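# Architecture at a glance
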Amino acid sequence: MRGTGKDRDAGQMRLAALVIAVAMCLWLLVQALGGYYDWAGKWAFLADLAAIGAFVWSLIVTWRIWRRRKA
C-alpha cells in the first residue's frame, strides 16, 4: 500500500535534492580530474551535459510537486 500524497511528495523532493547534490559533486570532481590529468575538452562537455540533464530532471520533478500541491 502506498503512503499519502504528502509522503510521496516528500520522498520525491528528497530524491531531487540528492540528485542535485550528487550531480554537482560528480561534476566538480570530473572538472578537477580533467584539469589535473589534462583530459580532452569533450569529456568536460560530456560532464556538463550530464549535469545539466540531472538539474533539468530535478527542476521538472520539483515543478510537478509544486503544481500538485497548489492544485
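Source: prediction; values computed, not measured. (Residues numbered from 1 in each chain as written. Predicted model: local features only at pLDDT ≥ 70, side-chain atom pairs only at ≥ 80, totals over all residues. Heavy atoms only, no water.)

Following the criterion strictly, the structure yields two aromatic pairs and no others. Plain terms: the ring middles of Tyr 36 and Tyr 37 are 4.9 Å apart, the flat faces sit at 85° to each other, and that makes the pair edge-to-face. Of the two residues examined, Tyr 36 and Tyr 37, each falls in the exposed class. Residues Tyr 37 and Trp 39 carry aromatic rings whose centres are separated by 6.3 Å and whose planes lie at 15° to one another, so their mutual orientation is stacked. Given the relative accessible area of 52%, Tyr 37 is considered exposed. Taking relative accessible area as the criterion, Trp 39 reaches 40% and is therefore assigned partly exposed. (Phe/Tyr/Trp six-rings, centres within 6.5 Å; stacked < 30°, edge-to-face > 60°. Buried < 20%, exposed > 50% of the residue type's maximum accessible area, 1.4 Å probe, protein only.)

Applying the stated criterion to the full structure yields two salt bridges. Among the salt bridges present, the one from Arg 68 reaches Asp 9, with a minimum N-O distance of 2.8 Å. One end of the pair, Arg 68, is in helix α2 (residues 41-70); the other, Asp 9, is in helix α1 (residues 5-37), with 59 residues separating them in the sequence. Connected through salt bridges with shared partners, the residues Asp 9, Arg 68 and Arg 69 form a single ionic network. (Salt bridge = Lys/Arg side-chain N within 4 Å of Asp/Glu carboxyl O. Helix = DSSP H or I, 4+ residues; strand = E, 2+ residues; numbered from the N terminus.)

The next point concerns α2. When the terminal C-alpha atoms of α2 are compared, their 43 Å separation across 30 residues agrees well with the 44 Å that a helix rising 1.5 Å per residue should span. Restricting attention to buried positions, one finds in α2 the residues Ala 47, Ala 51, Ala 54, Ser 58, Val 61 and Ile 65. Of the surrounding secondary structure, the elements contacted by the buried residues of α2 are α1. (Expected span 1.5 Å × (residues − 1). Contact = heavy atoms within 4.5 Å.)

On to α1, then. Its 33 residues place the ends of α1 47 Å apart at the C-alpha level, agreeing with the 48 Å of an ideal helix rising 1.5 Å per residue. Regarding α1, the residues found buried are Asp 9, Ala 16, Ala 23 and Gly 34. Structurally, α1 contributes buried residues whose contacts are with α2. Positive phi shows up at Asp 38, right after α1, with a value of about 55°.

Structurally, Ala 44 is set in helix α2. Sequence-wise, Ala 44 and Met 13 are 31 residues apart; in three dimensions their C-alpha atoms are separated by 28 Å.

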